[in-house]
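# Analysis of the macromolecular model
Listed below are the residues making up each chain.
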Amino acid sequence: MNATAALHALVIDWFDEHARDLPWRRPEAGAWGVMVSEFMLQQTPVARVLPVYEQWLSRWPRPADLAAESPGEAVRAWGRLGYPRRALRLHGAAVAIAERHGGDVPRDHAKLLALPGVGEYTAAAVASFAYGQRHPVLDTNVRRVFARAVTGTQYPPTATTAAERHLARGLLPADEPTAARWAASTMELGALVCTARSPECGRCPIAARCAWRLAGSPAHQGPPRRGQTYVGTDRQVRGKLLAVLREATGPVPQQALDAVWHEPLQRARALDGLVSDGLVEPLPDGRFRLPVG
Ligand code: SF4
């Protein structure tokens, strides 16, 4: 067995024993369940996604069910998951699936990529996790595992580089089922063991081969890593404004929105941003609502 095949076997065997039982990994989730989970999991931890995912799938078990609703209902059901433009994109993808693909999430990577709101990562993840195909699936967890285990650096670059894509393609197992397992298992290793702040090398299946560890775990050399600040940001104000609209049963007056944030300029900027992103609709009478069409 060569070194790459040995790496595959170690990580996949670890995954078989330690993978979390998550609803989108069960066969009954289907491709739609996988797609919904991938939209929700971008930048959001599993624990926060789980309840929203369950409600979403029980309300909209097929893409056509979601497509039949207004985009505003998707934004409302998104709740406090954050980055609510994802709700609009998922709704747009559901409409396209219903209109162009007979209501079934397409299998073909290029067709997935052509759906609105579906980027390179999501297309690869759905093709791989739902349909067992062979694609490099590069999320932050996988990129961190590859950076450490193979490249020997503590963190990957800020944005995905051509070199990382090249490395990921080179590491892909040749056969489809193993490639799909490899994608899921490297992601899980990054989520559970090789975490950003405190990797647990003592329980890592590839510790004996990890380039970063073998080099003595050298400290990060690149630019300072961004912290996840939220309090006081426009994102926080947008979240508060959107919460008022989600909880309302109909359009709300400007005063109801003004009450959630003290600083008028920042509040106006946040509201303008929501309107230009299509998350909020201004009405001619000065009130606001979630988008209806
Ligand atoms: S040995 Fe440590 S740093 Fe290397 S891949 Fe495993 S958990 Fe990550």
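Below you will find a few notes about this structure. Chains are numbered independently. Their residues run from 1 in the order of the written sequence. In keeping with the predicted nature of the model, local features appear solely for residues at pLDDT of at least 70, side-chain atom pairs appear and are counted solely at 80 or more, and the whole-chain, interface and lining totals rest on all residues. Only hydrogens and water are set aside; all other atoms, that is, all heavy atoms of the structure, feed into the side-chain values.

Between rings of Phe, Tyr and Trp, where Trp is taken as its six-membered ring, a pair exists when centres lie within 6.5 Å; planes separated by under 30 degrees are stacked, by over 60 edge-to-face, and by other angles tilted. Applying the stated criterion across every chain yields a total of four aromatic pairs. With 5.0 Å between their ring centres and 75° between their planes, Trp24 and Tyr53 make a pair best called edge-to-face. You can see Trp24 sitting in the loop between α1 (3–18) and α2 (30–41) and its partner Tyr53 sitting in helix α3 (residues 46–59), a full 29 residues away along the chain. Burial classes: relative accessible area under 20% of the type maximum marks a residue as buried, over 50% as exposed, and values in between as partly exposed (1.4 Å probe, protein chains only). Residue Trp24 is classed as buried on the basis of its relative accessible area of 8%. Considering the side-chain rings of Trp56 and Trp78, the 5.7 Å spacing of their centres and the 80° angle between planes classify their relative orientation as edge-to-face. Residue Trp56 is found in helix α3, and its partner Trp78 is found in helix α5 (residues 71–78); the two are separated by 22 residues along the sequence. Trp78 carries the same exposure label as Trp56, and that label is buried. Taken together through their ring pairs, the aromatic side chains of Trp56, Trp60 and Trp78 make up a single cluster. Lysine NZ or arginine CZ positioned within 6 Å of the ring centre and within 35 degrees of the ring normal marks a charge as sitting over the ring. Over the face of the ring belonging to Trp212 we find Arg148, whose NZ or CZ atom lies 5.4 Å from the ring centre. Over the face of the ring belonging to Tyr83 we find Arg235, whose NZ or CZ atom lies 4.0 Å from the ring centre. A run of DSSP states H or I qualifies as a helix once it reaches four residues; a run of E qualifies as a strand once it reaches two. Both are numbered from the N-terminal end.

Turning to the site of the ligand, a few remarks are in order. Taken together, Arg148, Val193, Cys194, Pro199, Cys201, Cys204, Ala207, Cys210, Trp212 and Arg213 make up the full set of residues near the ligand. Using a 1 Å grid laid over the protein atoms alone, points where a 1.4 Å probe fits but cannot get out form a cavity; open sets with protein on both sides within 12 Å along at least 5 of 7 lines form a pocket; any residue with an atom within 4 Å of a point counts as lining. To qualify as sitting in a cavity or pocket, a molecule needs more than half of its atoms within 2 Å of the grid points. Counting atoms within 2 Å of the grid points, the majority share of the ligand lands in the largest cavity. Each residue receives one of three labels: charged for Asp, Glu, Lys and Arg, nonpolar for Ala, Val, Leu, Ile, Met, Phe, Trp, Tyr, Cys and Pro, and polar for the others, Gly being one of them. A per-class count over the shell around the ligand returns eight nonpolar, no polar and two charged. Working definition: residue near molecule or strand if any one of its non-hydrogen atoms lies within 4 Å of it.

So, on to α5. Along α5, six of the eight residues are buried, which leaves the element largely enclosed by surrounding structure. Among all positions in α5, only Pro71, Gly72, Glu73, Ala74, Val75 and Trp78 are buried. Residues of α5 that are buried in the fold lie against α2, α3, α4 (63–67), α6 (85–100) and α13 (234–247). Residue Gly79 follows α5 closely and has a positive phi angle near 60°. Contacts are assigned to residue pairs with any non-hydrogen atoms lying within 4.5 Å of each other.

This paragraph deals with the nonpolar core. Buried Ala, Val, Leu, Ile, Met, Phe, Trp, Tyr and Cys residues form a nonpolar core when they are joined through side-chain atoms within 4.5 Å. Counting residues in hydrophobic clusters, the biggest one holds 52 residues, and the most contacted among them are Trp32, Met35, Met40, Trp56, Leu90 and Val105. Beyond its immediate chain neighbours, meaning those up to four positions away, Met35 contacts Leu90, Ile97, Val105, Leu112, Leu115, Val118 and Val126.

We now examine the side chain of Glu164. Examined against the element boundaries, Glu164 turns out to sit in helix α10 (residues 162–171). A residue is classified by how much of its surface remains accessible, and Glu164, at 11% relative accessible area, is buried. Only 2.8 Å separates the side chain of Glu164 from the side chain of Arg143, close enough to count as a polar contact. The residues touching Glu164, leaving out its near neighbours within four places in the chain, are Leu138, Arg143, Pro156, Pro157 and Ala159. Two N or O atoms count as a polar contact when they lie within 3.5 Å, although within protein this holds only if one can serve as hydrogen donor and the other as acceptor, and sequence-adjacent residues are included solely when both atoms are side-chain atoms.

Located in the positive-phi region is Tyr83, a residue other than glycine, with phi close to 45°. Inspection of the secondary structure assignment puts Tyr83 in the loop between α5 and α6. Taking relative accessible area as the criterion, Tyr83 reaches 27% and is therefore assigned partly exposed. A positive phi is found at Ser217, a non-glycine position, where the angle reads about 50°. Of note, Ser217 is situated in the loop between α12 (211–214) and α13.

In this section: helix α15 (residues 264–276). Expected helix span is computed as 1.5 Å times (number of residues minus one). Over its 13 residues, α15 extends 18 Å from the first C-alpha to the last, a length consistent with the 18 Å expected when each residue adds 1.5 Å. All buried positions along α15 are accounted for by Gln266, Arg267, Ala270, Leu271, Gly273 and Leu274. The buried side chains of α15 occupy one side of the element, clustering within an arc of 155° when seen end-on. Away from its buried face by more than 90 degrees, α15 exposes Leu265, Asp272 and Ser276. For α15, the secondary structure elements touched by its buried residues are α13, α14 (254–258) and β2 (288–289). At the C-terminal side of α15, Gly278 shows a positive phi close to 80°. The arc in question is formed by the directions pointing from the helix axis toward the C-beta atoms.

Structural measurements only, silent on function.
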